[in-house]
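A structural walkthrough
Single-letter residue listing:
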Amino acid sequence: MSDSTISGADVVRWIQVYASTIAENRDYLTQLDSAIGDGDHGTNMNRGMSAVIEKLDGATGDDVGGLLKTVGMTLVSKVGGAGGPLYGTLFMQMGAATTGKSDLAMGDWAKAVDAGLKGVQARGKAEPGDKTMIDALTPAAEALSKAAAAAASLSDALRSAAQAAEEGMKATIPLVARKGRASYLGERSAGHQDPGATSSFLLMKTAADTFADAGRPRADRKNE
Ligand code: ADP
Ligand code: MG
């Protein structure tokens, strides 16, 4: 295994880290959703990711595509509202893009994130600037494609994607929502950070944090 690929075991680790990050940020995400939605984004995501962790218990991760599809299907079945089906679609499309692969090179990861983003857009019909999770995922996917084209290192690519997602998340603050519940508020939605863009930034951040160590011997990894 080279030090520039993401294995199935790495993907399982990422999902576990994302689930615990969502648990830690549950109240924060719910607070963001209370300002411009119905105050359930943190509890929705936490319920979904807890179910995912139970489902993945014992998963070996030999087929990354299969793993990601399981994550997506679990989210769709366990989480209602807009967020569940949208995150479910994100993971299912990432899974469809990686079917049969046991190791992802950076270009595979870039394609998977792009496929996930396109799935969310096809389902939710949001454009960049509508104040949704798309505003964090779009710049992240673009940063990954750029990094793949420039043959950057995997860890640099993941880091730039996380940074782009963070900027996209922060850029939702002044926006007026045009999709989802927040759009019911019209102009009053401006001045608040979008909860879904925040959970999507956390998704890209945890990928950077976990996959930066991908492929290195476990003993060399920082967070274990
Ligand atoms: P609900 O809005 O049903 O309560 P959540 O609170 O779990 O669902 O998720 C809200 C988030 O979903 C929003 O912050 C936004 O980022 C995202 N969202 C809502 N509608 C759309 C859409 N049509 N396209 C993309 N993302 C959307
Ligand atoms: Mg909500």
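An account of the accompanying structure is given in this report. This is a predicted model, so every value here is computed, not measured.

1. Here's the deal with the overall build of the chain
- Each helix and strand counted, the chain has nine helices and two strands in total.
- Helices and strands appear in the chain in the N-to-C order β-α-α-α-α-α-β-α-α-α-α.
- Scaling as 2.2 N^0.38, a compact globule of 224 residues should have a C-alpha radius of gyration of about 17 Å, and the chain matches this with 16 Å.
- Considered along the principal axes of its C-alpha atoms, the chain spans approximately 50 × 40 × 30 Å.

2. Some points on the nonpolar core
- Ranked by size, the top nonpolar core spans 58 residues in total, and within it Val-11, Trp-14, Ile-15, Tyr-87, Phe-91, Met-94 and Trp-109 carry the most contacts.
- At the level of elements, α1 (8–24), α3 (41–56), α4 (64–78), α5 (83–97), α6 (106–124), α7 (134–149), α8 (154–171) and α9 (195–211) are the ones that each hand at least two residues to this core.
- If we ignore the near neighbours within four places in the chain, the residues touching Met-94 are Trp-14, Leu-68, Trp-109, Ala-112, Val-113 and Gly-116.

3. A closer look at the site of ligand 1
- Taken together, 20 residues lie near ligand 1, and Asp-38, His-41, Ala-82, Gly-124 and Asp-194 sit nearest.
- Separating an oxygen atom of ligand 1 from a side-chain N or O atom of Asp-40 is a distance of 3.0 Å.
- A total of 560 Å² of accessible area belongs to ligand 1 in isolation, and the protein chains cover 93% of it.
- Considering every element that reaches the shell around ligand 1, the biggest residue donor is α9, with three residues.
- Residues belonging to the shell around ligand 1 are distributed by class as follows: six nonpolar, eight polar and six charged.

4. Description of the coordination of the magnesium ion (ligand 2)
- Every protein donor of the magnesium ion (ligand 2) is listed here as Asp-33 (OD), Asp-38 (OD) and Asp-40 (OD), and their distances to the metal cover 2.0 to 2.2 Å.
- Read in sequence order, the donor residues coordinating the magnesium ion (ligand 2) give the pattern D-x4-D-x1-D.
- Residue Asp-33 is classed as buried on the basis of its relative accessible area, which comes to 9%.

5. So, the packing of aromatic side chains
- Per the counting criterion, the structure on display carries four aromatic pairs.
- Ring centres of Trp-14 and Phe-91 lie 5.9 Å apart, and the angle between their planes is 45°; on these two criteria the pair is classed as tilted. Pair noted here: Trp-14 is in helix α1 and Phe-91 is in helix α5, with a separation of 77 residues, a long-range link.
- The class of Trp-14 is buried, set by a relative accessible area of 0%.

6. Section: the pattern of salt bridges
- According to the stated counting rule, one finds nine salt bridges in the structure shown.
- Taking the shortest distance from any N to any O, the salt bridge between Asp-10 and Arg-13 comes out at 3.9 Å. Separated by three residues within a single helix, Asp-10 and Arg-13 lie in helix α1, roughly one turn from each other.
- Judged by its relative accessible area of 13%, Arg-13 falls in the buried class.
- The closest approach of N and O atoms between Asp-27 and Arg-26, which form a salt bridge, is 3.2 Å.
- By relative accessible area, which is 53% here, Asp-27 ends up exposed.

Each value, and the rule that gives it
Residues numbered from 1 in each chain as written. Chains lettered and ligands numbered in written order. Predicted model: local features only at pLDDT ≥ 70, side-chain atom pairs only at ≥ 80, totals over all residues. Heavy atoms only, no water. Helix = DSSP H or I, 4+ residues; strand = E, 2+ residues; numbered from the N terminus. Rg over C-alpha atoms; globule rule 2.2 N^0.38 Å. Core = buried A, V, L, I, M, F, W, Y, C linked by side-chain atoms within 4.5 Å. Buried < 20%, exposed > 50% of the residue type's maximum accessible area, 1.4 Å probe, protein only. Contact = heavy atoms within 4.5 Å. Near = heavy atom within 4 Å. Polar contact = N/O pair within 3.5 Å; in protein donor to acceptor, adjacent residues only side chain to side chain. Areas by Shrake-Rupley, 256 points an atom, 1.4 Å probe, with all protein chains shown as cover. Nonpolar A, V, L, I, M, F, W, Y, C, P; charged D, E, K, R; others polar. Donors = N, O, S within 2.8 Å, 3.2 Å for Na, K, Ca; no water. Phe/Tyr/Trp six-rings, centres within 6.5 Å; stacked < 30°, edge-to-face > 60°. Salt bridge = Lys/Arg side-chain N within 4 Å of Asp/Glu carboxyl O.

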